[in-house]
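# Reading the structure
Spelled out from the first residue to the last, the chains are:
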Amino acid sequence: MMKPHELSDRYISEQWAGIPSAIYERRAATAGKPAVTYRLAGDSYLLVEFGGMDFDLHLNFFVHNINGHLNQSRPPGLIETSPGFRSILLSYDPAKINVANLVVALDDAYDNASGTENLVLPSRRVNLPAAFNDSTAKAAVARYVRSIRSDAPNCRNDNNVDYTIAYNGLADLDELIEVVTGTELWVGFIGFFPGLPFTFPLDPRRVLFAPKYNPTRTWTAEGAIGLGGPCYSIYPVESPGGYQLLGRTLPVYDIQQRNPAFAESPLLLRPCDRIRFHEVSEQELLESFEAVHKGEYVYDIREEDFDVATYNSWCASLSAEAAEFAAKRDAAAAATAVP
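What follows concerns the overall build of the chain. Of regular secondary structure, the chain possesses 9 helices and 17 strands. Over its C-alpha atoms the chain spans a radius of gyration of 22 Å, differing by no more than 12% from the 20 Å that the globule rule assigns to 339 residues. Residues counted as buried form 50% of the 339 residues belonging to the chain. Long-range pairs, those at least 24 residues apart, make up 66% of the contacts in the chain with a sequence separation of at least 6.

What follows is the structure, encoded as structure tokens:
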């Protein structure tokens with residue numbers, strides 16, 4: 001007699017048998033360029049995926065390279081491109097362009113794009129103040145412990161900082177702050193919530209990891225800095241959330257556009273920006289928060305292109321230190337409970 005899960009697996013396979021694949025076309029990897037998969041995503045969207053399911057910043061660099069080419073020579077009928085970490089979602093008007101011609105345009109962009117080894121991406125450096133282990137982070141954790149899960153291992157002492165320190169094998173809060181402020185964070189993409197940046201450390205010696213909440217929180221403060229996996233995010237509005245809370249920074253989203261930094265868009269950050277945090281007291285942060293809303297605070301944003309070749313050479317020079325940090329971090333993670 002077949003077991004229940006075997007019956008279920010057979011039922012699913014029979015139901016899907018004969019259904020056309022969503023994959024429209026594939027391209028193999030070429031020298032310096034990743035493989036491509038074109039997926040149908042409804043009748044007016046196409047999802048383009050690059051490479052495999054790997055955490056590799058070079059895939060993101062290539063995504064933005066292709067996205068730039070597409071927007072420089074936008075084919076008629078292409079409405080919008082939405083870059084992700086290793087993918088681009090394209091919105092198009094099927095009355096003006098069909099999938100076949102859209103894929104031709106994408107193939108042209110791929111053929112004309114350089115590999116990441118010689119890539120220079122338009123970028124900005126955004127310096128932001130950060131108050132670590134602040135009162136709003138503690139309040140969110142305390143509310144979670146009180147109303148959702150009192151035994152969550154990541155919420156010891158009504159904060160997430162102690163857990164993040166233990167999970168990464170760090171000594172104390174000072175070392176955590178040194179690691180977070182000691183690297184630029186690459187804005188890989190914006191999404192999930194309007195203006196929410198998904199950012200990743202560029203310094204290989206300062207890559208922290210943290211598992212997400214289980215289950216998620218129901219409340220997080222605007223401006224909260226969270227860590228999930230190797231990804232940092234800044235919460236643009238009050239919202240639920242699942243990343244470990246490390247502190248708080250200034251607004252990165254303002255639908256009212258009260259500050260000159262939001263004059264062109266309610267979103268402060270763009271893909272390919274690099275964030276650099278510097279520590280301030282919570283009182284100083286709150287004063288700056290108020291000044292942002294009054295239109296008086298001046299965000300420190302500087303245009304600085306990002307040279308991938310220079311970055312690769314720098315990373316290679318740090319490989320031994322990065323491996324030592326990763327080994328210590330991974331050993332600590334293996335000995336720490338997961339939510």
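Its place among the elements puts Asp111 in helix α3 (residues 99–112). Under the relative-accessibility criterion, Asp111 is labelled partly exposed at 44%. Remark: the alpha-carbon pair of Asp111 and Asp134, spanning 23 residues in sequence, is separated by 49 Å. When sequence neighbours within four positions are dropped, the list of residues in contact with Asp111 reads Arg27 and Lys33. Here the side chain of Asp111 touches Arg27 through a polar contact of 2.9 Å, side chain to side chain.

For the rest of this paragraph, the subject is the sheet that holds strand β4 (residues 78–83). On the basis of which strands lie adjacent, the open sheet formed by 5 strands has the order β1-β2-β3-β5-β4 and antiparallel pairing. The open sheet terminates on both sides in strands that have one partner only, identified here as β1 (23–27) and β4. Between one strand axis and the next, the sheet turns through 15 degrees on average, direction left out of account. Pairing of strand β2 (residues 36–40) with strand β3 (residues 45–50), which is carried by 5 bridges, proceeds in the antiparallel orientation. Paired with Arg39 across the two strands is Leu47, which belongs to β3. On the sheet, helix α2 (residues 57–72) packs against β3, β4 and β5 (87–92) and is oriented at approximately 165 degrees with respect to β4. Packing against the sheet, α3 makes contact with β1, β2, β3, β4 and β5, and its axis sits at approximately 20 degrees to β1.

Moving on, we come to the nonpolar core. Residues Leu128, Leu176, Val180, Leu208, Tyr232, Ile275 and Phe277 are the most contacted members of the largest nonpolar core, which totals 34 residues. Of all elements in the fold, only β7 (124–132), α5 (161–167), α6 (173–181), β8 (185–190), β11 (224–228), β12 (231–234), β15 (274–279) and α7 (282–294) reach the threshold of two or more residues within this core. Sorting elements by how many residues they give to this core places β7 first, with 5 residues. Sequence-distant contacts of Leu176, that is, excluding residues within four places in its chain, are made with Val161, Thr164, Ile165, Leu170, Leu208 and Leu246. Residues Phe85, Ala140, Phe200 and Phe306 belong to the second largest nonpolar core, which totals 25 residues.

Buried residues of α6: Leu176, Ile177, Val179, Val180 and Thr181, and no others. Capping of α6 at its N-terminal end is provided by Asp172; its side-chain oxygen lies 3.2 Å from the backbone amide nitrogen of Asp174.

To continue, consider the packing of aromatic side chains. Here the structure, examined in full by the defined rule, presents 17 aromatic pairs. Considering the side-chain rings of Phe61 and Phe306, the 5.4 Å spacing of their centres and the 55 degrees angle between planes classify their relative orientation as tilted. Of this pair, Phe61 sits in helix α2 while Phe306 sits in strand β17 (residues 306–307), placing them 245 residues apart in sequence. When sorted by exposure, Phe61 lands in the same class as Phe306, which is buried. One aromatic cluster in this structure is built from Phe61, Trp186, Phe306, Tyr311 and Trp314. Above the ring of Tyr213, the side-chain terminus of Arg217 is found at 4.6 Å from the ring centroid. Of note, Arg248 hangs over the ring of Phe289, and the distance from its end group to the ring centre comes to 4.5 Å.

Here we take up the packing of α2 against helix α8 (residues 308–317). In a pair of packed helices, the angle between the axes and the distance between the axes together describe the arrangement. Between α2 and α8, the least distance of the axes is 12 Å, while the angle of their chain directions is 175 degrees. Taken together, the axis directions place α2 and α8 in an arrangement best described as roughly antiparallel. Together, Leu57, His58 and Phe61 of α2 and Val308, Tyr311 and Asn312 of α8 make up the contact between the two elements. Looking at the contact of α2 with α8 residue by residue, the class counts come to 4 nonpolar, 2 polar and no charged.

Turning our eyes to something else, we now look at the environment of His278. Structurally, His278 can be placed in strand β15. Given the relative accessible area of 37%, His278 is considered partly exposed. Discounting residues that sit within four places of it in the chain, His278 has contacts with Asn127, Leu128, Pro129, Ala130 and Thr181.

Calculation rules
- Residues numbered from 1 in each chain as written.
- Predicted model: local features only at pLDDT ≥ 70, side-chain atom pairs only at ≥ 80, totals over all residues.
- Heavy atoms only, no water.
- Helix = DSSP H or I, 4+ residues; strand = E, 2+ residues; numbered from the N terminus.
- Rg over C-alpha atoms; globule rule 2.2 N^0.38 Å.
- Buried < 20%, exposed > 50% of the residue type's maximum accessible area, 1.4 Å probe, protein only.
- Contact = heavy atoms within 4.5 Å.
- Polar contact = N/O pair within 3.5 Å; in protein donor to acceptor, adjacent residues only side chain to side chain.
- Pairing = 2+ DSSP bridges.
- Axes fitted to C-alpha atoms, helices over the stretch in contact; angles between N-to-C directions.
- Core = buried A, V, L, I, M, F, W, Y, C linked by side-chain atoms within 4.5 Å.
- Phe/Tyr/Trp six-rings, centres within 6.5 Å; stacked < 30°, edge-to-face > 60°.
- Lys NZ or Arg CZ within 6 Å of the ring centre and 35° of its normal.
- Parallel < 35°, antiparallel > 145°, perpendicular 65-115°, else oblique.
- Nonpolar A, V, L, I, M, F, W, Y, C, P; charged D, E, K, R; others polar.

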